[in-house]
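Structural characterization, general
Take a look at the letters that make up each chain.
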Amino acid sequence: MTTADPAFMIDAPTLEDVPALARIHVRGWEIAYAHLISGDEWFGPEAIERRIQHWTHWLTPGTRAADEGVFRVGRDAEGDVIGLAASWPPRDAAPMRPRELYVLYLDEDWLGTGVARELTEAILEGGPASVWVAEENPRARRFYEKLGFAPDGATQVEEQLGSIRDIRMVR
């Protein structure tokens, strides 16, 4: 466990954290994408159940996701989960970097506090990485730019997400 600030710490998640991880993940999607997609399948109980299944699988030792992934959580002074991050080897056919930051979400009360920066650096250890970010998510793009990421010209359309257009950023 590393202490980033007396108000929060960065830690490895456990299976006991899964319900909180799912809740923060879904709420993070709502904050980031509600202007692009809508519906209970993305932001309601169904979405939380789906994220519970994802996080349970991702954190279960012996699964490929757990073996290849790097996972960190931010915790407040009481130890409650306030943010999450995950990284795996890139999904791209021709990867630009050895790691992909795949998930990064915070409890909205912790936006702008430094938790996201600490989670990102804990996952990537200051090294090169890629991240796919919605083109219409200027807040996230500015955040990644502050961490040294820049668009490399690659784009993709997330058909299953209502045709959200993503750009790849690398550092």
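Everything discussed here concerns the structure shown above.
Let us look at the structure shown here. As the structure is a prediction and not an experimental result, all values here were calculated from the model.

Attention now goes to the packing of helix H1 (residues 18-33) against helix H3 (residues 45-59). Helix-helix packing is characterised by the crossing angle of the two axes and by the distance between the axes. Two numbers describe how H1 lies on H3: the axes approach to 8 Å, and their chain directions differ by 125°. Viewed along their axes, H1 and H3 adopt a mutual orientation that is oblique. For H1 against H3, the interelement crossing comes out right-handed. Contact with H1, carried on its side by Val18, Pro19, Leu21, Ala22, His25, Val26 and Trp29, involves Ala47, Ile48, Arg51, Ile52, Trp55, Thr56, Trp58 and Leu59 of H3 and no other residues of that element. Taken together, the residues of the contact of H1 with H3 sort by class into 12 nonpolar, 2 polar and 1 charged.

On inspection of all chains with the given rule, the structure shows 11 salt bridges. A salt bridge links Glu100 to Arg91, with the shortest nitrogen-to-oxygen separation between them at 2.3 Å. Taking the relative accessible area as the measure of exposure, Glu100 reaches 1% and is therefore buried. A single network of salt bridges, built from pairs that share partners, joins Asp11, Asp17 and Arg75.

Turning to unusual backbone geometry, a few remarks are in order. A positive phi is found at Glu125, a non-glycine position, where the angle reads about 50°. By the secondary structure assignment, Glu125 is in the loop between helix H5 (115-124) and strand S6 (130-134).

Moving on, we get to the environment of Thr63. Tracing the backbone through its elements, the reader meets Thr63 in the loop between H3 and helix H4 (64-68). In this structure Thr63 comes out as buried when scored by relative accessible area, which is 16%. Only 3.0 Å separates the side chain of Thr63 from the backbone oxygen of His57, close enough to count as a polar contact. A polar contact is formed between the side chain of Thr63 and the backbone oxygen of Thr60, at a distance of 3.0 Å.

Thresholds applied
Residues numbered from 1 in each chain as written. Predicted model: local features only at pLDDT ≥ 70, side-chain atom pairs only at ≥ 80, totals over all residues. Heavy atoms only, no water. Axes fitted to C-alpha atoms, helices over the stretch in contact; angles between N-to-C directions. Helix = DSSP H or I, 4+ residues; strand = E, 2+ residues; numbered from the N terminus. Parallel < 35°, antiparallel > 145°, perpendicular 65-115°, else oblique. Left-handed = near helix turned anticlockwise from the far one by under 90°. Contact = heavy atoms within 4.5 Å. Nonpolar A, V, L, I, M, F, W, Y, C, P; charged D, E, K, R; others polar. Salt bridge = Lys/Arg side-chain N within 4 Å of Asp/Glu carboxyl O. Buried < 20%, exposed > 50% of the residue type's maximum accessible area, 1.4 Å probe, protein only. Polar contact = N/O pair within 3.5 Å; in protein donor to acceptor, adjacent residues only side chain to side chain.

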